[in-house]
Amino acid sequence: MIKTSYEFDQSILAAGSSLKTDILLRFRADIAKSPRRNLNLSLVIDRSGSMAGAPLHHALKAAESVVDQLEPNDILSVVVYDDEVDSVVPPQAVTNKSTLKNSIRKVRAGGITNLSGGWLKGCEHVKTRLDPQKINRVLLLTDGHANMGIQDPKILTATAGQKAEEGIITTTLGFAQGFNEDLLIGMARAATGNFYFIQSIDEATEVFSIELDSLRAVVGQNLKVTLELADGVSLVDTLSLAKVSQNDAGQAVITLGELYEGEDKLLGLSLGISSAPVGELPVMKLHYSADVVQDDRIQSVSGTVDVVAKVGTVEEAAFAATSHIILELSRLTIAKAKETGLNLAEHGKHREAEQILQALVKDLRDKGLNENFEIAEEIDQLEYFASRIAQKALGNAGRKEMRDQTYQTMTRNRSDLVGRGVTAGDEVYAMPIVNEVGSGVELHCVREGGKLRVKVMSEGYDSTKNIQFPRAIRAEGARYVVEGLEFSSDRTFYRVRGKITRFAQPGETDIFVAPRQSYPTNTGKASKGPASAADLPTTDSVGDSILVQCVKDGSKLRARVVSDGYEPDWNMRFPRSVREEGMLYVVDEVKTAPDGKSYIACGEIKRFVQPT
């Protein structure tokens, strides 16, 4: 069965005039510890040109780690795609792990991104072994935009929802900074799967493991909640990214997806109540249904909960203790504000977006919630995003972090997924620098579980405790000197006191003097090639250069740009002497030719060699 509970943000509501209140609903599959469910899993991995080098290397290592964690009763398939789609591992039981991993290791980077073709092939593989008693899942990983096959996000999102209705759930994983987060989040939401932002290439294995842990913990699916509101009660807002629709009676139906063992599924609602007499006030009937594991089988369960609020006089409401759920509701409110702020900024309303985020910061501080470390961290995030939005400088990385933080908070109840973000704040490069600690306290910024945390290095302090520190000047590997540290009121974390400077050890290279990103010298001159491709210098990384591939076009060999952001079908002026079918090259620069419909390769050409 499903265990449900609810709590209002105020334990006693004030009688009299209309009011707005927030309520937190919890759902949990109340079953004995169940045996692990077998998986029917398809890994679909982007091997397009933009993945060439370290990204594909780490993605394949992550895929190998998945093989290591599966059992003989699990079914696995592996699909890779660029402009072509290949099933390097057709659907099969995981009985020979070394053979499976050898097949994965042979994958090499290729051309452009046929995301739809790869994903649909993965869905097809899962469907051939579809079993309602198994977890039937496609894991789609990409680092770029779909530029071949079906490219319309609306079609892909709608199709993901249709596949979910057939029992095939999709989880999407966005790799690095080039992917379309709106598409991947939209597909995950429509399919009631999960979404992950793999911010750093060496995080791939860790994120895959998080998803596998989640799949092993699935004890319920297709959780749906219908709100039958009482007269005088209205639904103001839904603090969730769940799908919300209406039934024939006009009631809100909220699709919450999967239930995980030991994890509450949270749903926050903002309600309007027209009037509330003293006493017990019926607020709604909550109807729920889900497919849960019972007696080692998937069975449908349903139920109804009467939600009732306690209403008292204004004085009673004023003196009533605020519910302890205020922290959890605050997290959902923060996530909603980030979503709202981002949407406003993208419609040019930067000032309004900044005001919403800063107003929430003030409200959280006025309530004293900054004495909780996780809320204190969120306050730093809100101030950081508000500042970037006000400067119209949020950028691609900031946008992805905001979308990811909103998604994770409003869909999952896992502390290791919320508040993630490792992009260095630009302000770190402009900080004043000192070369000695003196009487100050030395701090160090480290990456920890997808988050930037600041730790104390000086003696006399507890190095295990976290430090509240401005998000705008955090950068992995940076060291700082502050005047002092002081405890939070509950002594669970530190706050910085006084001036903050960046610390650079005398004689050591300062990696934050200027942005670490470097660019090739672009001459603007058309590339010239040696006598043959064998005479080209080699490289195993693309960096900020452009990846080009030689393909057969009828009887001719053509050069095509396979890096994201270019037209994949345009011809290119490229030295004929080095053209070999299927070969990948790295060039310094690609310019649009005077005809406006072809490219010119410029600068040095190197032959790309897949790293081992």
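No experiment lies behind these values; they were computed from the predicted model shown.

**Re the overall build of the protein**
- Looking only at helices and strands, the protein features eleven helices and 28 strands.
- Against the 2.2 N^0.38 benchmark of 25 Å for 612 residues, the protein shows a C-alpha radius of gyration of 27 Å, consistent with a compact globule.
- In terms of its C-alpha atoms, the protein occupies a principal-axis envelope of roughly 90 × 65 × 50 Å.
- Considering only contacts within the protein whose residues lie at least 6 apart along the sequence, 72% involve residues at least 24 apart.

**A look at the state of the cysteines**
- Under the counting rule described, the total for this entry stands at zero disulfides.
- Of all cysteine sulfurs, the one in Cys550 lies closest to Cys602, which takes part in no disulfide; the gap is 18 Å.

**A look at the sheet that holds strand S1 (residues 2-8)**
- Taking strand neighbours across the sheet as the criterion, the four strands line up as S1-S3-S14-S11 in an open arrangement whose pairing is antiparallel. At either margin of the open sheet sits one strand with a lone partner, and together these are S1 and strand S11 (233-239). Between one strand axis and the next, the sheet turns by 25 degrees as a mean value, whatever way the strands run.
- In terms of strand pairing, S11 meets strand S14 (residues 265-273) through six bridges, oriented antiparallel. The partner of Thr238 across the bridge, within S14, is Leu269.

**Examining the nonpolar core**
- The biggest cluster of nonpolar side chains holds 47 residues, and the ones touching the most others in it are Leu41, Leu43, Leu76, Leu141 and Phe208.
- When residues in this core are grouped by element, the largest group, seven residues, is from helix H1 (residues 54-69).
- Once residues lying within four places of it in the same chain are set aside, the contact partners of Leu76 are Leu41, Leu43, Val67, Leu70, Val89, Pro90, Pro91, Gln92, Val94 and Leu100.

**Focus: the pairing of strand S18 (residues 441-448)**
- For S18 and strand S21 (residues 479-487), the ladder comprises four bridges, and the chain directions are antiparallel. Its bridge partner lying in S21, Val441 is registered against Val482.
- From the end of S18 to the start of strand S19 (residues 451-456), which pair antiparallel, there are two residues, and Gly449 there has a positive phi angle of about 60 degrees.

**Some thoughts on the sheet that holds strand S7 (residues 135-142)**
- With mixed pairing, six strands are arranged side by side in an open sheet as S6-S5-S4-S7-S8-S9. Bordering the open sheet on either side are strand S6 (85-93) and strand S9 (195-198), each of which pairs with just one other strand. Across the sheet, the axes of successive neighbouring strands diverge by a mean angle of 15 degrees, strand direction being ignored.
- Of the pairings in the sheet, the one linking strand S8 (residues 169-175) to S9 comprises four bridges and is parallel in character. Each residue of the ladder has a partner; that of Gly174, found in S9, is Phe197.
- On top of the sheet, helix H5 (residues 181-190) reaches S7, S8 and S9; it is set at about 160 degrees to S8, its chief contact.

**As for the confidence of the model for the protein**
- Looking at the protein, the pLDDT average stands at 89 and 97% of residues meet or exceed 70.
- Confidence over residues 515-520 falls short of pLDDT 50; this stretch has ten contacts with residues more than four positions distant or in other chains.

**With respect to the environment of Lys106**
- Note on placement: Lys106 falls in the loop between helix H2 (97-105) and helix H3 (115-128).
- Distance in space between the C-alpha atoms of Lys106 and Phe319 is 68 Å, their sequence separation being 213 residues.

**What to know about the packing of aromatic side chains**
- In this structure the tally under the stated criterion is 13 aromatic pairs.
- Aromatic pair Tyr461 and Tyr494: ring centres 5.8 Å apart, planes at 80 degrees, arrangement edge-to-face. Of the two residues, Tyr461 sits in the loop between S19 and strand S20 (467-468) while Tyr494 sits in strand S22 (residues 494-503), which places them 33 residues apart along the sequence.
- Residue Tyr461 is classed as partly exposed on the basis of its relative accessible area of 31%.
- By relative accessible area, Tyr494 is classed as buried at 4%.
- Every member of this aromatic cluster is reached through a ring pair, and the members are Phe179, Phe195, Phe197 and Tyr407.

**Things to note about the packing of helix H8 (residues 326-346) against helix H11 (residues 395-411)**
- Relative orientation of the contacting elements H8 and H11 amounts to 145 degrees, with a least axis distance of 9 Å. The handedness of the crossing between H8 and H11 comes out as left-handed. Contacts between H8 and H11 pair Arg331, Leu332, Ala335, Lys336, Lys338, Glu339, Leu342 and Glu346 from the former with Arg399, Met402, Arg403, Gln405, Thr406, Thr409 and Met410 from the latter.
- Residues that form the contact of H8 with H11 fall into these classes: five nonpolar, three polar and seven charged.

**Brief notes about the packing of H8 against helix H9 (residues 350-366)**
- Between H8 and H9, the least distance of the axes is 7 Å, while the angle of their chain directions is 165 degrees. By the criterion of interaxial angle, the relationship of H8 to H9 is roughly antiparallel. As H8 runs across H9, the sense of the crossing is left-handed. For the pair H8 and H9, contact is made by Ser330, Thr333, Ile334, Ala337, Lys338, Thr340, Gly341, Leu344 and Ala345 and by His350, Glu352, Ala353, Ile356, Leu357, Leu360 and Leu364, respectively.
- Class assignment of the residues belonging to the contact of H8 with H9 gives a composition of nine nonpolar, five polar and two charged.

**A short note on H9**
- The end-to-end C-alpha separation of H9 is 24 Å, in line with the 24 Å expected for 17 residues at 1.5 Å each.
- His350, Ala353, Glu354, Leu357, Leu360, Val361 and Leu364 are the residues of H9 that are buried. Seen along its axis, H9 keeps its buried residues to an arc of 130 degrees; they face one direction. For H9, the exposed residues set more than 90 degrees away from the buried face come down to Arg351, Lys362 and Asp366.
- At its buried positions, H9 is contacted by H8 and helix H10 (373-390).
- Trailing H9 by a residue or two, Gly368 shows a phi angle of about 75 degrees, which is positive.

**Quick notes on H2**
- Inspection of H2 places Leu100, Lys101 and Ile104 among the buried residues, and these make up the whole buried set. All buried residues of H2 project into a common sector of 95 degrees when viewed along the axis, lining one side.
- Turning to H2, the residues buried within the fold contact H1, strand S5 (75-81) and S6.

**Some details on the side chain of Asp22**
- Looking at the element boundaries, Asp22 is found in strand S3 (residues 19-29).
- Its relative accessible area of 12% is what places Asp22 among the buried residues.
- At 2.7 Å, the side chain of Asp22 and the side chain of Ser270 are in polar contact.

**A short note on the pairing of strand S25 (residues 556-561)**
- Judged from the six bridges that link them, strand S24 (residues 546-553) and S25 form a sheet pairing that is antiparallel. The residue bridging Gln549 from the neighbouring strand is Arg560, located in S25.
- Between S24 and S25, which pair antiparallel and follow one another directly, the connecting turn spans two residues, one of which, Gly554, has a positive phi of 65 degrees.

Calculation rules
Residues numbered from 1 in each chain as written. Predicted model: local features only at pLDDT ≥ 70, side-chain atom pairs only at ≥ 80, totals over all residues. Heavy atoms only, no water. Helix = DSSP H or I, 4+ residues; strand = E, 2+ residues; numbered from the N terminus. Rg over C-alpha atoms; globule rule 2.2 N^0.38 Å. Contact = heavy atoms within 4.5 Å. Disulfide = S-S within 2.5 Å. Pairing = 2+ DSSP bridges. Axes fitted to C-alpha atoms, helices over the stretch in contact; angles between N-to-C directions. Core = buried A, V, L, I, M, F, W, Y, C linked by side-chain atoms within 4.5 Å. Buried < 20%, exposed > 50% of the residue type's maximum accessible area, 1.4 Å probe, protein only. pLDDT = per-residue confidence, 0-100. Phe/Tyr/Trp six-rings, centres within 6.5 Å; stacked < 30°, edge-to-face > 60°. Left-handed = near helix turned anticlockwise from the far one by under 90°. Nonpolar A, V, L, I, M, F, W, Y, C, P; charged D, E, K, R; others polar. Parallel < 35°, antiparallel > 145°, perpendicular 65-115°, else oblique. Expected span 1.5 Å × (residues − 1). Arc of directions from axis to C-beta. Polar contact = N/O pair within 3.5 Å; in protein donor to acceptor, adjacent residues only side chain to side chain.

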